[in-house]
Amino acid sequence: MKSRKGDASPMPQASRGRRDFLTQGAALVTGAASVGIAAGASAQGLAGQPWERVYGAGFTGYGQPSRFEQPVMRHIGRPYGDLAPGTGASLAPIETLEGIITPSGLHNIRSHSGTPDIDPKEHQLLLHGLVARPLKFSVEALSSYPMTTRIYFLECSGNSNRALAPQPAQVPAGAIHGNMACSEWTGVPLRVLLQEAGLRPEAKWLLAEGADSAHMSRSIPVEKALDDALIALYQNGERLRPEQGYPVRLLLPGWEGNMSVKWLRRLKATEEPTHTKDETSKYTDLQPGGRALQFTFEMGVKSVITKPSSTMKLPRSGTYEITGLAWSGAGRIRRVEVSTNGGATWNDAALTGEERPKALVRFRFPWEWSGKEAVLQSRATDEKGQVQPARKAWLAQYSPGNIYHNNSIASWSVGADGSVKNVYV
Amino acid sequence: MYTSERNAIVIAIGAAALAACASLPSAPGKPPALGTAVSAEEIARFDISIPPSGAGLPAGSGTVKQGAQVYAAKCLACHGEKGAGKPADALVGGIGSLATPKPVRTVGSYWPYATTLFDYTRRAMPITNPLSLTDDEVYAVSAYVLFLNGIIGEDAVMNAQTLPRVKMPNRDGFISDWPPRKL
């Protein structure tokens, strides 16, 4: 962003840096003051804020949110601290977001060994094992296939495990339930590549492996690979973000996020699952008695109220909109009900996006708050007829130490003073 | 000729049927075939996944004693004395904890297959320099961690034949949910 030499224009140019412009803007204001016109006021008394009285900022190559939106940040959890700063999760601040698409820069992240800095010219996807023709694909080659675009949610199966703490955490909704997000994904159906390689009939699983330094790997049933698995190259219209698997990731709609292997470098067709570390020692769900369910892939039907939610405060009694997100790994959301009295009675909420399977749905419900204590809940039902379970019913299915697949109903209490708290009901 | 043509037709019909019932349809038109052939040698350099059968385990071996040395040099700083953990995950202990509110899921208490220990150590450890251990070192440190858990004896040697035969304490602790249970 250097100024062009010999540019004598009195107006700031697009090619000039922001600092140049600010300096010039200040000079203009100073000039105005010197002739008796105070900055932010008009000789004729016309209304106008200071930013209406100076020339605006020039163009930038890649836009950023307003500086006043700086507090809108992901909630970062690093269980190993500085020992492994890229191991853990960064949760979407769903309490501040609207609509159904998560901005790419606020998409939740779950990474096991940090974000690799991959040169797409050096990266390749290897497809081998029980195939007629082992093949490798450059990123350029993958980018030359006809593209398919879909909107899908992604949810870590550890999402909402903070809602299993002995005491309800008084943190924003996203810090509890934001290990999920929703994007528009574009790429090549995995089926196309499997057909090209000639998947053998005895192949029942695909080992998917990332090019991160953990070489995170999972076993994927062939049924899913042939159904709706996507080799994703783009997210929300641009190339995948590094944290989301740049330059190529697997995307398994509706299934636990860990299986949508990022930085995908290898797919190996096998007869049996490989029983990788992340499908044995992790991502297995302890049952009462201590045995664990393994290969629980589909994310359950779920919803959460994002506003009002934990740590917020209602400034007055009166009309509010209760809004939130609903989703199901089994398909479409058919219904979301809202309760304002801790589940005693339920009312249907209005839905946006319910035509899309395996995508976030926005729900809205008008609420007249009288100023008395209330407990807000939402309950989703999907097109398979599955209903989001109550907390106690969900807990009864598992060992108390299970941390995965918590899709139980979340509750926020509203105090007489308007303060909203996380509560267990 | 006739047979291969008929097979080609069967495969084409099969592929069309797959595409027709898939919930993510392909883009219209015949896709370009842009994958390039890859040699067995190149595949071998990438193929680091080891299933419970032990298929793909490399040549080489390691003893518990050798593993103790590897562990002290490359693992102890994070995983603690004798795998006790801190700052990183414990590798030992946790037997009897799985049904409690604070399960301790270690190689000894939880992991169902010893092959996964070799696989994960080789692909991801040490965290500062993965893919740096020799196959002998991975066998040796796997042996040491299994020994610390009381799963193999002090004189045991781990290699492509012995490692898959190790019976892990929690081998029967898992119930597969695939294909999914009926609602």
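What you see is a predicted model, and the numbers here were worked out from it, not measured in a lab.

## Brief notes about the overall build of chain A
- When you go through chain A residue by residue, the secondary structure sums to six helices and 24 strands.
- Of the contacts made within chain A by residues no fewer than 6 positions apart, 69% connect residues no fewer than 24 positions apart.

## A short note on the interface of chain A and chain B
- Opposite the 63 residues of chain A that make contact, chain B presents 52 residues.
- Take the side of chain A that touches chain B: its biggest share by element is six residues, from helix H4 (residues 190-197) of chain A.
- Here the residues of the side of chain A that touches chain B sort into 28 nonpolar, 21 polar and 14 charged.

## Some words on the nonpolar core
- Ranked by internal contacts, the top residues of the largest apolar core, which has 127 residues, are Leu142, Phe153 and Ile231 of chain A together with Ala143 and Tyr144 of chain B.
- When residues of this core are assigned to their parent elements, the largest contribution, ten residues, is made by helix H6 (residues 135-148) of chain B.
- Excluding residues that lie within four positions of it along the chain, leucine 142 of chain A makes contacts with Leu125, Phe137, Val188, Ile231, Leu233 and Val248 of chain A.

## Focus on the domain arrangement of chain A
Residue and element names in this part refer to chain A.
- One can read the domain layout of chain A as domain 1 (19-52), domain 2 (104-288) and domain 3 (302-423).
- Taken together, the contact pairs 26 residues of domain 2 with 24 residues of domain 3.
- Elements supplying a minimum of two residues to the side of domain 2 that touches domain 3: strand E6 (148-155), helix H3 (173-177) and strand E14 (285-286).
- Looking at the side of domain 2 that touches domain 3, its residues break down into 17 nonpolar, eight polar and one charged.

About the cut-offs
- Residues numbered from 1 in each chain as written.
- Chains lettered and ligands numbered in written order.
- Predicted model: local features only at pLDDT ≥ 70, side-chain atom pairs only at ≥ 80, totals over all residues.
- Helix = DSSP H or I, 4+ residues; strand = E, 2+ residues; numbered from the N terminus.
- Contact = placed C-beta atoms within 7 Å.
- Nonpolar A, V, L, I, M, F, W, Y, C, P; charged D, E, K, R; others polar.
- Core = buried A, V, L, I, M, F, W, Y, C linked by C-beta atoms within 7 Å.
- Buried ≥ 20, exposed ≤ 12 C-beta atoms within 10 Å, placed from the backbone.
- Domains from an automatic or database assignment.

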